[in-house]
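The chain contents come next:
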Amino acid sequence: MSDSTVTESEGREKVAVPQAVTGEVGRTPRSLPARLRQPRRPRLWFEILLIAVSYWTYSLIRNAVPEQKGKALRNADWIWRVEHGLGIAVEQSVNHAVNSVNWLIVGMNYYYATLHFVVTLGVLVWLYRWHPGRYAAARLVLFATTGVALVGYYLFPLAPPRLMRGGHFVDTVMVHHTWGSMASGDLKHMSNQYAAMPSMHIGWSLWCGLTIFALASVPWVRVLGLLYPTATLLVIVATANHFWLDAVGGMLCLTFGFTMARVWYGALPYALPRGARGAKARETREWGGGSCGALGRNTP
């Protein structure tokens with residue numbers, strides 16, 4: 001009778017343990033941070049609202065930063081001296097050379113005014129449609145890059161070359177009567193003119209270029225992705241809106257953005273699953289589910 005009791009007890013333990021484990025896995029949800037880090041298909045209405053509110057907030061804060069004209073002009077003089085010391089102070093030569101070709105400089109003015117927004121939004125839409133699993137991480141890079149730039153505007157106000165005292169730069173928007181900059185002409189009162197460091201034209205265009213290069217499948221499109229930030233660098237200098245070192249500031253901000261995404265998601269955006277399908281498979285594994293979990297592991 002004693003042996004029978006032991007046998008029955010062991011049998012109950014063998015049955016009970018798997019049920020307890022299975023029940024615990026099935027009923028215990030993942031933590032909030034884990035759910036937030038999970039690649040998932042973005043919702044269109046939420047993304048439109050988020051981007052609109054974020055850009056409005058960014059513009060509000062950027063323009064609310066005190067212009068600090070005197071400090072901004074002194075910082076511009078300092079940047080100019082540093083670039084001379086490094087032997088890279090060729091912005092004035094580029095500005096005058098490109099300004100001598102009317103159609104080219106007018107085209108650059110409009111490039112500066114439009115592509116900064118058009119291409120960035122286009123890449124976001126492309127990610128949303130074709131790479132939904134990578135979209136949130138890539139968006140985080142962009143948002144973190146832009147957010148840290150606000151710190152730069154506050155701590156290091158900087159006048160663009162076209163506003164330098166005795167810099168002899170040509171304000172190409174004023175001269176050619178185009179609307180290539182929110183900080184020139186009739187629109188100058190709508191934007192902080194002394195927020196040149198870092199350059200978000202470079203930060204955003206490099207984000208676009210790297211994203212296209214990493215994810216596009218057509219070779220010539222990948223090449224265009226790399227050419228876009230290169231062309232943007234030439235444009236911001238030729239139009240006298242930025243120094244070379246402003247571009248370096250934009251690159252550093254982008255590095256910060258990628259670092260934030262790497263810390264939060266555990267991988268760069270381009271290494272995450274392309275679509276929500278991969279995210280569903282991972283969710284199945286984390287919540288358990290027997291044969292469904294096994295199927296998820298084999299799903300690409």
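Here goes a summary of the coordinates provided. (Residues numbered from 1 in each chain as written. Predicted model: local features only at pLDDT ≥ 70, side-chain atom pairs only at ≥ 80, totals over all residues. Heavy atoms only, no water.)

## Remarks on the packing of aromatic side chains
Reasoning step 1: Under the criterion given, the structure shown has 7 aromatic pairs.
Reasoning step 2: Residues Tyr-111 and Tyr-228 carry aromatic rings whose centres are separated by 6.3 Å and whose planes lie at 40 degrees to one another, so their mutual orientation is tilted. On the criterion of sequence distance, the pair formed by Tyr-111 in helix α6 (residues 102–130) and Tyr-228 in helix α10 (residues 219–238) is long-range, its members being 117 residues apart.
Reasoning step 3: Relative accessible area serves as the criterion here: at 12%, Tyr-228 is assigned to the buried category.
Reasoning step 4: Among the aromatic residues, those joined into a cluster by ring pairs are Trp-80, Phe-169 and Phe-243.
Reasoning step 5: Residue placement shows Arg-129 over the ring face of Trp-130; its charged tip is 4.3 Å from the ring centre.
Reasoning step 6: The side chain of Arg-222 reaches across the aromatic face of Phe-213, ending 4.2 Å from its centre. (Phe/Tyr/Trp six-rings, centres within 6.5 Å; stacked < 30°, edge-to-face > 60°. Helix = DSSP H or I, 4+ residues; strand = E, 2+ residues; numbered from the N terminus. Buried < 20%, exposed > 50% of the residue type's maximum accessible area, 1.4 Å probe, protein only. Lys NZ or Arg CZ within 6 Å of the ring centre and 35° of its normal.)

## Structural notes on the environment of Gln-92
Reasoning step 1: As for its placement among the helices and strands, Gln-92 is situated in helix α5 (residues 91–99).
Reasoning step 2: Put simply, Gln-92 and Pro-161 are 69 residues apart on the chain and 8.4 Å apart in space, counted from C-alpha to C-alpha.
Reasoning step 3: Sequence-distant contacts of Gln-92, that is, excluding residues within four places in its chain, are made with Trp-80, Gly-167, His-168 and Phe-169. (Contact = heavy atoms within 4.5 Å.)

## Side note on empty space enclosed by the protein
Reasoning step 1: As enumerated under the stated definition, the model contains 1 cavity of 30 Å³ or more in all.
Reasoning step 2: Every residue along the wall of the largest cavity is listed here: Tyr-111, Tyr-112, Leu-115, His-116, His-201, Ser-205, Tyr-228 and Thr-232.
Reasoning step 3: Of all the elements in the fold, those that place two or more residues in the lining of the largest cavity are α6, α9 (200–215) and α10.
Reasoning step 4: Counting residues per element, the lining of the largest cavity draws most heavily on α6, at 4 residues.
Reasoning step 5: Of the residues belonging to the lining of the largest cavity, the class tally is 4 nonpolar, 4 polar and no charged. (1 Å grid on protein atoms, 1.4 Å probe; cavity = no way out; pocket = protein on both sides within 12 Å on 5 of 7 lines; lining within 4 Å. Points joined across faces, edges and corners; volume = space filled by probe spheres on them. Nonpolar A, V, L, I, M, F, W, Y, C, P; charged D, E, K, R; others polar.)

## So, the pattern of salt bridges
Reasoning step 1: In the structure shown here, the tally under the stated rule is 2 salt bridges.
Reasoning step 2: The closest approach of N and O atoms between Asp-77 and Arg-165, which form a salt bridge, is 3.4 Å. On the criterion of sequence distance, the pair formed by Asp-77 in helix α4 (residues 69–86) and Arg-165 in the loop between α7 (132–155) and α8 (172–176) is long-range, its members being 88 residues apart.
Reasoning step 3: Salt-bridge contacts for Arg-162 lead to Asp-171; the nearest nitrogen and oxygen are separated by 3.5 Å. Accessibility assignment for this pair places Arg-162 and Asp-171 in one class, buried. (Salt bridge = Lys/Arg side-chain N within 4 Å of Asp/Glu carboxyl O.)

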